[in-house]
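What follows is each chain in one-letter form.
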Amino acid sequence: MAPTQTEQQVSGAGSSRKLLKALLCFTEDRPTWTVADLSERLDLSVTSTYRYVALLREVGLLEASSGNGYRVTDLVMSLAAACEAARPPIIEIAMPIMTRIRDEIDETVLVARRGGRAAYCVDRVESRRPVRLQFDKGQAMSLHRGSMSRVLLASMSRPERAAVVAAIGDEIDAGLAAQITDEALDIVHRDGWTESFEEIDEGIWGTAAAIVSHGSTVASIGTAAPIFRTDAARRARIVSLVREAASEISSALDGSGSS
């Protein structure tokens with residue numbers, strides 16, 4: 001996950017924040033880092049970066065790798081396990097419902113959750129068509145583009161939304177800006193669903209609905225399809241299926257006693 005934050009920054013925690021940002025640089029795409037590369041990425045002196053790496057090694061989160069690099073240790077697996085243990089059983093509940101929708105419309109169906117200033121694909125059931133939406137588990141999506149992300153952005157408070165929009169800055173064109181005003185997002189949050197036209201990829205339409213547990217949006221479920229095979233009647237049917245699925249998953253989550 002990218003080292004991002006939507007909440008107000010904690011005062012007096014600058015060094016701790018830099019330490020955590022250093023750790024969060026280690027990802028599946030970039031599993032090893034040298035001190036020099038970390039220093040450049042974080043805009044820190046080499047001396048400061050060495051100190052942060054030494055602290056992370058001291059507590060067992062980093063270890064030396066080949067080529068003067070460093071990598072995370074197996075200790076981080078306990079953090080991942082704690083994350084999974086604390087989450088509501090969304091995928092366990094959602095997977096048969098996602099599969100049912102996929103079987104009816106033969107388009108890829110996804111569930112996404114928010115983390116920081118991004119949405120992440122939690123799981124998906126892929127279409128069997130040769131031309132289809134392709135997302136990997138864990139793949140990040142910007143919060144300001146696409147129906148699945150916008151449902152999650154809409155669930156945030158206005159100050160949190162403002163922080164996200166401010167961080168994105170020049171990436172927002174006029175068309176997208178109109179979609180993420182507070183007024184537009186309030187409507188999405190009220191209705192619990194939205195749709196998008198060519199916001200991420202040219203020629204692609206998408207729709208998503210909020211999965212809600214105990215009054216709070218915890219995820220979004222959605223799908224996308226090429227516009228050339230998705231006329232107005234088919235879009236309306238897919239929207240109905242996705243909204244019904246979100247409602248079914250939400251009811252099951254509340255019934256499971258998840259928080």
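Refer to the structure printed above.
Residues numbered from 1 in each chain as written. Predicted model: local features only at pLDDT ≥ 70, side-chain atom pairs only at ≥ 80, totals over all residues. Heavy atoms only, no water.

Colleague: Just to check I follow, could you spell out the overall build of the protein for this structure?
Modeller: Looking only at helices and strands, one finds ten helices and nine strands in the protein. The long-range fraction of contacts in the protein, counting pairs at least 24 apart against all pairs at least 6 apart in sequence, stands at 55%. For the protein, the accessible surface area stands at approximately 13,700 Å², while carbon and sulfur atoms represent 51% of it. (Helix = DSSP H or I, 4+ residues; strand = E, 2+ residues; numbered from the N terminus. Contact = heavy atoms within 4.5 Å. Areas by Shrake-Rupley, 256 points an atom, 1.4 Å probe, with all protein chains shown as cover.)

Colleague: Please explain the environment of Tyr70 as it appears in this structure.
Modeller: Among the structural elements, Tyr70 can be located in strand 3 (residues 69-72). Overall, the relative accessible area of 13% leaves Tyr70 in the buried class. Considering only alpha carbons, one finds Tyr70 and Phe26, 44 residues apart in sequence, at a separation of 9.2 Å. What Tyr70 contacts, discounting residues up to four positions off in sequence, is Phe26, Pro31, Thr32, Trp33, Val35, Val53, Arg57, Glu63, Ala64 and Ser65. (Buried < 20%, exposed > 50% of the residue type's maximum accessible area, 1.4 Å probe, protein only.)

Colleague: Could you clarify how one ought to interpret the packing of helix 2 (residues 35-42) against helix 3 (residues 46-58) in this entry?
Modeller: The geometry of a pair of packed helices is captured by two quantities: the angle between their axes and the separation between those axes. In the contact formed by helix 2 and helix 3, the axes pass within 9 Å of each other and the chain directions differ by 110 degrees. When the interaxial angle is binned, helix 2 and helix 3 end up roughly perpendicular. Of the two elements, helix 2 crosses helix 3, and the hand of that crossing is right-handed. Every residue of helix 3 that contacts helix 2 at Val35, Leu38 and Ser39 is listed here: Val46, Thr49, Tyr50 and Val53. (Axes fitted to C-alpha atoms, helices over the stretch in contact; angles between N-to-C directions. Parallel < 35°, antiparallel > 145°, perpendicular 65-115°, else oblique. Left-handed = near helix turned anticlockwise from the far one by under 90°.)

Colleague: Just checking my understanding: could you explain the environment of Val164 for this structure?
Modeller: Along the chain, the position of Val164 falls in helix 7 (residues 158-168). In this structure, the C-alpha to C-alpha distance between Val164 and Ala118, residues 46 residues apart in sequence, is 9.1 Å.

Colleague: What's the story with the sheet that holds strand 5 (residues 118-125) in this structure? I'm lost.
Modeller: Backbone hydrogen bonds hold the strands of a sheet together, and the pairing may be parallel or antiparallel. With antiparallel pairing, six strands are arranged side by side in an open sheet as 6-5-4-9-8-7. With one partner strand each, in any of the chains shown, strand 6 (140-142) and strand 7 (193-197) form the two edges of the open sheet. Taken over all neighbouring pairs, the strand axes of this sheet differ in orientation by 30 degrees on average, direction set aside. With four bridges joining them, strand 4 (residues 109-115) and strand 9 (residues 216-226) adopt antiparallel strand pairing. (Pairing = 2+ DSSP bridges.)

Colleague: Sorry if this is basic, but what is going on with the packing of helix 6 (residues 147-154) against helix 9 (residues 182-191) here?
Modeller: Put simply, helix 6 and helix 9 touch, their axes get as near as 8 Å, and they point 95 degrees apart. Considered as vectors, helix 6 and helix 9 are oriented roughly perpendicular to each other. Note on element contacts: helix 9 touches helix 6 through Leu185, Val188 and His189, opposite Arg150, Val151, Leu153 and Ala154. Partitioning the contact of helix 6 with helix 9 into residue classes produces five nonpolar, one polar and one charged. (Nonpolar A, V, L, I, M, F, W, Y, C, P; charged D, E, K, R; others polar.)

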